[in-house]
Amino acid sequence: MTTAPAAEFLRRAAEKASDLDHRQIIRRGTDSYDAAAARGQARFSDWQAARERCQRVKWEAVNHLDRYLLEFEQRVKEHGGHVFWAETAEDARKYIADLATSRGVRKIVKSKSMVTEEIHLNSALEKLGIEVFETDLGEFIVQLRNEPPYHIVTPAMHLTRGQIAALFKEKLGGIDTDDPQKLVAAARVALRRAFFSAEMGISGANFLVADSGMISITTNEGNGRLCTTLPRIHVALAGIEKVIPHLQDLAVLWPTLATAGTGQAITSYNTLIGGPRRPGEADGPEEFHVVLVDNGRSELLTDAEQREVLHCIRCGACLNACPVFRNVGGHTYGTTYQGPIGSVLTTHLRGMSEFYHLSYASSLCGACTEVCPVKIELHHHLLQNRRNSVAAGNARLRERLAFKIWRWTVMDAGRFRLMGWFARKTLRTVHSLGLGGSFLDPMRQWTKYRAAPQIPRDSFRALWEKKNGAN
Ligand code: SF4
């Protein structure tokens, strides 16, 4: 059964995999992050110990989520903030839309937040006539192009400097340069106007700290601080899995996230926000709201086998390491979260029946698992999803039949030898007679972009015995 998202994925993957310019841009981007991350890891006295520490922190949080979330809520309320529990994306959108309309908000500035992408918040607010400005530079660029983010950390990774220069020339007016500093300056001018006139700022949260009731935001551009302090209302959205037990856990999470994500020793701006402006304070919003988004996460929490997927700190390292992502790129997935973590998570957030194909967008090489700073066994989860998908009846008849024959074959040495002989003979005959038709369709897919291997006359076993003698 090929679902519409699967058909679209295959179409885009074929297109992008044969687009050599696109592949070169992505490789340049991912390679530079990989190299920086490797240099960054060398700064740790023990990188593996840091990963294990992060894994323990997240395990503790995710396995006692109820306790830590309630503690976080209580602390936020003590500081004068509001907490809203959004069971669904619709609940979260409605809460923010109602808040914005009841306070007469016409303009919103946003710092980078994948969960707002997940719940499609911008379009919901724009339908109400509210202007929404993305203020992270990469997000600002893809918003100007009317595109979703390409990568969870670097949303405009797929664009060249020339493409961004052309975009700014068209959309910002009066700027005609490809000098990166001048382009950044032009974006800054456009965004400053929005920062000073917006009534509401929306941010994500990298971590929700239970014992202090603070949210932690990391950015490299300082836009997070402007979004959360200049407008009179600040709304922070976060998935419920973002909670961590203690403030001191950030001592290991901040540098590990920065190193895995971009190779930095520490991200440029790490901000802790603990409520609205208090009497006597110079800046900060009058109102502070935290929206805790579930949207399928509680369901994932009940899955003991895959619960650890909620440990993800969205560093993006698994995308950079994934050979599939590096060839097909982020937009091919057609999902908010791309790459290995997206392929695992999306089946839980949006349903296995429509997105099971993403479990197959992997060579199972394990590179994602190796780089993950919180040690999520990503490739095992992809394999488990394949199993679950087949059990749910999503496999095609010819696939089920092929695996039944394969199983029958490999369970017996004699059968294995016989079927090997039969397959070699059949394929050589089909090739020599120029036959094929639908019989060779799967192979034609395989050979569309690569040379078909020669089909040998003898089996590996026969070649081995010829060379080394039977034993
Ligand atoms: S799964 Fe691991 S490597 Fe991938 S984004 Fe999450 S934390 Fe980073």
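Everything below is about the structure printed above this text.
None of these values were measured; they are calculated from a predicted model.

Procedures and definitions
- Residues numbered from 1 in each chain as written.
- Predicted model: local features only at pLDDT ≥ 70, side-chain atom pairs only at ≥ 80, totals over all residues.
- Heavy atoms only, no water.
- Axes fitted to C-alpha atoms, helices over the stretch in contact; angles between N-to-C directions.
- Helix = DSSP H or I, 4+ residues; strand = E, 2+ residues; numbered from the N terminus.
- Parallel < 35°, antiparallel > 145°, perpendicular 65-115°, else oblique.
- Left-handed = near helix turned anticlockwise from the far one by under 90°.
- Contact = heavy atoms within 4.5 Å.
- Nonpolar A, V, L, I, M, F, W, Y, C, P; charged D, E, K, R; others polar.
- Pairing = 2+ DSSP bridges.
- Core = buried A, V, L, I, M, F, W, Y, C linked by side-chain atoms within 4.5 Å.
- Buried < 20%, exposed > 50% of the residue type's maximum accessible area, 1.4 Å probe, protein only.
- Near = heavy atom within 4 Å.

Explain the packing of helix α9 (residues 161-171) against helix α10 (residues 180-197) to me, and be specific about the residues and the numbers.
Look at α9 against α10: their axes get within 11 Å of each other, and the N-to-C directions meet at 40 degrees. In terms of axis orientation, α9 runs oblique to α10. The two elements α9 and α10 meet at a crossing, and its hand is left-handed. Two secondary-structure elements touch here, α9 through Arg161, Ile164, Ala165 and Phe168 and α10 through Pro180, Leu183, Ala186 and Ala187. Of the residues assigned to the contact of α9 with α10, the class counts are seven nonpolar, no polar and one charged.

Can you tell me about the sheet that holds strand β6 (residues 214-219), naming the residues and giving the values?
Read across the open sheet, the four strands follow the order β8-β5-β6-β9; overall the sheet is mixed. The open sheet terminates on both sides in strands that have one partner only, identified here as β8 (243-244) and β9 (269-273). Inspection of the sheet shows β6 paired to β9 by five bridges, in the antiparallel sense. Looking across to β9, one finds that Ile217 is bridged to Thr271. Those strands touched by helix α12 (residues 250-262) are β5 (207-209), β6, β8 and β9, and its axis lies near 170 degrees from that of β5.

I'd like a description of the nonpolar core, backed by residues and values.
Grouped together as the largest cluster of nonpolar side chains are 72 residues, with contacts concentrated most on Ile96, Leu125, Met200, Ile202, Val235 and Leu237. Those residues within four positions of Leu125 in sequence are excluded, and the remaining contacts are Ile96, Ala97, Ile108, Ile130, Val132 and Ile202. By size, the runner-up hydrophobic cluster in this structure holds 21 residues, among which are Val109, Ala165, Ala186 and Cys227.

For the sheet that holds strand β4 (residues 200-203), give the residues involved together with the corresponding values.
The strand order across the open sheet formed by six strands is β1-β10-β7-β4-β2-β3, and the pairing between neighbours is parallel. Because the sheet does not close on itself, it has two edges, and the strands there are β1 (82-86) and β3 (131-134). This sheet shows a mean twist of 20 degrees between the axes of neighbouring strands, independent of strand direction. Pairing geometry for β4 and strand β7 (residues 233-239), over four bridges, is parallel.

Go over the site of the ligand, please, and point to the residues and values.
The full set close to the ligand counts 13 residues, and Cys312, Cys315, Gly316, Cys318 and Cys372 are the nearest of them. When the residues that make up the shell around the ligand are grouped by side-chain class, the tally is 11 nonpolar, one polar and one charged.

Go over the packing of helix α3 (residues 47-63) against helix α4 (residues 65-78) with me, naming the residues and quoting the values.
Between two packed helices, both the angle of their axes relative to each other and the distance between the axes serve to describe the pair. For the pair α3 and α4, interaxial distance at closest approach is 5 Å and the crossing angle is 85 degrees. Of the possible angle classes, the one that applies to α3 and α4 is roughly perpendicular. The segment α3 lies against α4, with Glu60, Ala61, Val62 and Asn63 engaging Leu65, Arg67 and Tyr68. By residue class, the composition of the contact of α3 with α4 is four nonpolar, one polar and two charged.

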